[in-house]
Amino acid sequence: MSVDGAVARLKSEADEPGWEVDPDDEWGVAVIATVGRQLKLRREAVGMRAAEFGVAVGYGEDLVYKIEGGKRIPRPEYLDRADEVLGAGGLLAAMKEDVAKVRYPRKVRELAQAEAKATELQLYDPLNIHGLLQTPEYARGLLLMRRPAYTEDEVERFIAARVARKAVFERDPMPELSFVMEEWTLRRPLGGRAALARELEHLLATAQLRNVELQVMPMDREEHAGLAGGIEVLKFEDGSAVGRSVAVAGGRPVSDPKQLRILELRYGIIRAQALTPRESMAFIERLLGER
């Protein structure tokens, strides 16, 4: 295949929106710069020009230079094809895992890292079903509600990030997970009623895990300690903890014992006011029967 004959079919920057490197993400910038440098060194080692390599992997010469220069995030299939074309024996393809993490928003990535180390998580979200409990379908419906609207690529990035965070359910030893959900979030059919039904089924299945407790806060409660906003408390093996709530320190993570006591007090009261785990499962089953 000649270079001239293939140019019209090569992917350009316009075909690859949303794969730019966040300049404020120092770790991400370093990862993509390292990957780009390895790609360039491998290409030059086999004596292949950028234009020729671009034809082989299906990308335009300009996009090849940007990837090699650490300005663009390569797709997984780009690394697979590059590994094959350059005879890297799997070394380039092996970088897909780190490259995939770069695509996750930095805040989400940092949160996932904290969740991966926690031995106990206490989570209350008054606005939506918590991200760790969302099916990809439900997450898509939720993300599509955002205004200004996310691009399709951004939606896919956020969904992938939420799916990756679910690894917390598969850890060994298992962390203790406690969730409190608002009734109205279980009734709102984001993404359609079929998507909501599958989400409710997922909640029932998740609640069967020995290390998970799900509770529902009914709308008819006359007392509610969670009106100030969501709560997240993560506890770690060494006895330390970190919490976050819009009502404390403006939503920034806190580790001060006094602030953590406030969050744990509020969360404890919320749990006491909500339905018990057994009552909550029966409640979700009734909602599912109404679909």
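Scroll up for the structure.
Owing to the predicted nature of the structure, the values given are computational and were not obtained by experimental measurement.

(A) Local environment of the packing of helix α2 (residues 26-45) against helix α6 (residues 96-103). It is the contact of α2 with α6, at a shortest axis distance of 10 Å, that shows an interaxial angle of 140°. Classified by the angle their axes make, α2 and α6 are oblique. By crossing handedness, the relation of α2 to α6 is classed as left-handed. Where α2 abuts α6, its residues Trp27, Gly28, Val31, Ile32 and Val35 lie against Asp98, Val99, Lys101 and Val102. Counted by class, the contact of α2 with α6 contains six nonpolar, one polar and two charged residues.

(B) Layout of the nonpolar core. Counting 30 residues, the largest nonpolar core has Phe179, Leu186, Leu203, Leu214 and Ile284 as the members making the most contacts within it. For this core, the secondary structure elements donating two or more residues are β1 (118-125), α8 (136-143), β2 (176-182), α11 (193-206), β3 (212-217), β4 (231-236) and α13 (277-290). The residues touching Leu203, leaving out its near neighbours within four places in the chain, are Ile129, Leu133, Met181, Leu186, Leu214, Met281 and Ile284. Formed by 24 residues, the second largest nonpolar core is a distinct cluster that contains Val35, Leu39, Tyr59 and Val64.

(C) Expanded view of the layout of surface pockets. Of the volumes computed, that of the largest pocket is approximately 1,200 Å³. If you go around the largest pocket, you meet 38 residues; those closest to its centre are Leu111, His130, Arg165, Glu232 and Arg244. At the level of elements, α7 (106-117), β1, α8, α9 (152-165), β4 and β5 (241-244) are the ones that each hand at least two residues to the lining of the largest pocket. Ranked by the residues each element gives to the lining of the largest pocket, the list is headed by α7, at five residues.

(D) A look at the pattern of salt bridges. For the structure on display, the rule yields 15 salt bridges. The shortest N-O distance in the salt bridge between Glu152 and Arg140 comes to 2.8 Å. Separated by 12 residues along the polypeptide, Glu152 in helix α9 and Arg140 in helix α8 bring together distant segments of the chain. The exposure class assigned to Glu152 is partly exposed, which follows from its relative accessible area of 45%.

The rules behind these values
Residues numbered from 1 in each chain as written. Predicted model: local features only at pLDDT ≥ 70, side-chain atom pairs only at ≥ 80, totals over all residues. Heavy atoms only, no water. Axes fitted to C-alpha atoms, helices over the stretch in contact; angles between N-to-C directions. Helix = DSSP H or I, 4+ residues; strand = E, 2+ residues; numbered from the N terminus. Parallel < 35°, antiparallel > 145°, perpendicular 65-115°, else oblique. Left-handed = near helix turned anticlockwise from the far one by under 90°. Contact = heavy atoms within 4.5 Å. Nonpolar A, V, L, I, M, F, W, Y, C, P; charged D, E, K, R; others polar. Core = buried A, V, L, I, M, F, W, Y, C linked by side-chain atoms within 4.5 Å. Buried < 20%, exposed > 50% of the residue type's maximum accessible area, 1.4 Å probe, protein only. 1 Å grid on protein atoms, 1.4 Å probe; cavity = no way out; pocket = protein on both sides within 12 Å on 5 of 7 lines; lining within 4 Å. Points joined across faces, edges and corners; volume = space filled by probe spheres on them. Salt bridge = Lys/Arg side-chain N within 4 Å of Asp/Glu carboxyl O.

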